[in-house]
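# Structure assessment
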Amino acid sequence: MKMILRWGYKTLTMQKAATLASMVGIAFSFLLALFFAAVWQGETQQIVAYPNKMNPDLWVMQDGVSNMHMASSFVWDWKGEAIAKMAGVEQVTGFLYLNTVIQVQDNKLFGFVVGLSDGKDRAGPWALSDGRHLENPDEIIVPDTLSSVFGLAQGDTVRIVDKGYRVVGFSKGTYSSANPVFFVLKDRLQASLSSDGTLSYYLVDTEPDVDIKALQQKIMTEIDNINVVTQAEFIANDYEMATQMGAETILIMTLICSTLAALIIGYACYSLAIKKRKELAIIKAVGARDYQLVIVVLLQSIAVTLLAYLLAINFLVLLSVAMPLIAPQITVALTPSLILKPVPLAFVIAVIGSVYPAIKLISLDPALAYKNG
Amino acid sequence: MGEILLIMGPSGSGKTTFLSMLGGLLSADEGEVLIDGVDITQLKPSQLPDIRAKTIGFIFQSFNLLDALTVEENILFPASLLDEKTDSVRQRCGELIRKLGLQDRRKALPQTLSGGEKQRVAIARALINQPKVILADEPTGNLDSQSGQEVMMLLHDVARDQGVAVLIVTHDPRVEDIADRILWLEDGKIIDRKAESHQWIKDPVCGMRVDEWRALHFVDYQKSRYAFCSRRCRERFVENPEKYVE
């Protein structure tokens, strides 16, 4: 068996051009699926970037709401004040939140607008790449990616609902194509929404050594019509909402790319088997059993597929480095899970790809060895 | 001492098909193929690879070495399909390489070998599992006369020294010199004859040279025997013998 495996390996390495061409084809299929998943992963991470960075111990919002993405919430401000007075609560920061269409020059973007009580408060941008914090009601801080994508500069106007806002600062890490985050002062936004006396979410920071779960229960018991969730729960809810939106698309893309990869593998193995069918007939004639040849084809298929997969990962790493330069609005996120998760799928594709060549091998006539040429 | 048996006949007479059936590569519609007392026509298809690997050595006209493997690996290949101890196989391989004068080509790839060397590797490969019979299809067909002569002498030695039966399909009349028996296959019939010198006579109808011994078409006319290259010539002769007899 060792020698027949060596033959399988050497046959692959002898036909470098054909093997490489197959590998690149398969790698391209994997790359398509992986790139799409990595972009989606990056986008999803960015969707939850704001709540991730806020990182309070508890989130307070309207009853029936449990996340931020695509949600609306209104809570009376006196409820926030009541929470702030509870034992074990160190700080409560409320903010108004609106997801809406924002006009940036001639472009309309869907985005999150965060209305702050104070330009430097806890719910505001965590890092500015340029400009300053909010000081006046008609000012806005926008994601810095908009500067490179649309050429937006300080002093330009951005429209939200019925009002224009002047750009005074650019924030870092707040862009995603699904929901870039914009910061304004809350009073003008409240006027646009006719929502005086309400805020959307409250970030609750607790004192050291406070039992967060107990405090969560206490707030929910003492204050009506609100929902209180921990940071971990809030992120999980938001993440689930974000991934649900792309799950079907990713599944379809994965299926298409996997089928493409399986077809390329099948074609590559079949071409190799056809090209080497005289040798395969000789191998059968001198006493090899069908299962031994099937193992060779299967291992060849797995080897080519896994090498192609590694190649795709390398391409993906290069792309993730290049993307911020080529298209800064697209965030590519590479995680160990994203890279390792499709490996079993690659095995399955390799097996499927080797089925047809294996069937052809089993039916190959060993008497072909006597044919000349 | 093994017998050397030649299978000869015109092109298209079925020599290779016959050899394929003897080697268990094609199934026979009727009859028996006995190898070392085992009728291989009665075996299941799944049993044939084992029989081929253990009892039959194959030699082909176009050498049929595996391009990706070295000389040594090609020789060891059939042995690797069986569960034999590696040491004894390697020792046997070394002996074959020495006997066949391939010591310097042990690590060479087939594409770098001459035709004669390739056929010697093929012979070593056929012998590695110590088969009972070797089936050789035109072993000298792609070789120059000197290499062809060397290969025939090797097959001769294999039969004499190792007691292996050697069946050779060939067109090459020079091979007849080393054969113990010659089978002539034509029109689905096998004629068994001893290796003798040819008796060339002229077909009286078409004038072609015909081996009187091998010819299948005869007519006895006026106390003489006439041989013909084909049935057609024979029929023409029968229609009007005087026309062709001086």
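Model, not experiment: these values are computed from the prediction. Sequence order as written defines residue numbering, which begins from 1 separately in each chain. Lettering for chains starts from A, numbering for ligands starts from 1, and both go in the order in which the items are written. Local features in this predicted model are restricted to residues whose pLDDT is 70 or higher, and side-chain atom pairs enter the listing and the counts only when it is 80 or higher, whereas totals over whole chains, interfaces and linings include all residues. Side-chain calculation: all heavy atoms of the structure are included, whereas hydrogens and water are not.

## Comments concerning the nonpolar core
Here, the term nonpolar core denotes a set of buried Ala, Val, Leu, Ile, Met, Phe, Trp, Tyr and Cys residues that are joined through side-chain atoms within 4.5 Å. To sort residues, take the accessible area from a 1.4 Å probe on protein chains only and compare it with the maximum for the residue type: under 20% means buried, over 50% means exposed, and anything in between is partly exposed. A:Trp7, B:Phe77, B:Leu135 and B:Ile168 are the most contacted members of the largest nonpolar core, which has 111 residues in total. Think of it this way: any DSSP run of H or I at least four residues long counts as a helix, any run of E at least two long counts as a strand, and we number them from the N terminus. A per-element tally of this core places helix 10 (residues 290-326) of chain A first, with ten residues. Residue contacts for B:Phe77: discarding those within four places in its chain leaves A:Met3, A:Ile4, A:Trp7, A:Ile283, A:Val286, B:Leu66 and B:Leu69. In terms of nonpolar packing, the next biggest core, distinct from the first, is built from 33 residues, A:Met86, A:Leu146, A:Ile160 and A:Leu199 among them. Here, residues are in contact when the closest pair of their heavy atoms is within 4.5 Å.

## Side note on the packing of aromatic side chains
Whether two aromatic rings pair depends on their centres lying within 6.5 Å, for rings of Phe, Tyr and Trp, where Trp uses its six-membered ring; planes under 30 degrees apart make the pair stacked, over 60 edge-to-face, and the rest tilted. Taken as a whole, this structure holds 18 aromatic pairs over all chains when the rule is applied. Ring geometry for A:Tyr50 against A:Phe95: centres 5.7 Å apart, planes inclined by 85°, an arrangement best described as edge-to-face. Here the residue A:Tyr50 occupies a position in helix 3 (residues 49-54), and A:Phe95 occupies one in strand 3 (residues 89-104), the gap between them amounting to 45 residues. Between the aromatic rings of B:Tyr226 and B:Phe237, the centroid separation amounts to 5.2 Å while the plane-to-plane angle is 40°, which identifies the pairing as tilted. Placement of the pair is B:Tyr226 in strand 12 (residues 224-228) and B:Phe237 in helix 7 (residues 231-239), with a sequence separation of eleven residues. For B:Phe237, a relative accessible area of 1% translates into the label buried.

## Re the pairing of strand 11 (residues 201-206) of chain A
Residue and element names in this part refer to chain A. Among the six residues that make up strand 11, six are buried, leaving the element largely enclosed by the rest of the structure. Burial of the side chains of strand 11 extends over both faces: Tyr201, Leu203 and Asp205 are buried on one face and Tyr202, Val204 and Thr206 on the other. A pair of strands is labelled paired if DSSP reports no fewer than 2 bridges between them. Looking at chain direction, strand 1 (residues 58-62) and strand 11 are connected through three bridges and run antiparallel. Considered in strand 11, the bridge of Trp59 is made with Leu203. Where strand 3 and strand 11 come together, six bridges link them in antiparallel fashion. Directly across from Thr93, in strand 11, lies its bridge partner Leu203.

## Looking at the UniProt feature "transmembrane region" (unreviewed entry) in chain A
Residue and element names in this part refer to chain A. UniProt positions are given in the numbering used here, feature names are shortened, and annotations may be inferred rather than shown by experiment. UniProt marks residues 250-273, 293-326 and 338-359 with the feature "transmembrane region" (unreviewed entry), using the numbering shown here. Here residues 250-273 is 100% helix and 0% strand, with 34 Å between the C-alpha atoms at its ends. With 100% helix and 0% strand, the stretch residues 293-326 has end C-alpha atoms that lie 47 Å from each other.

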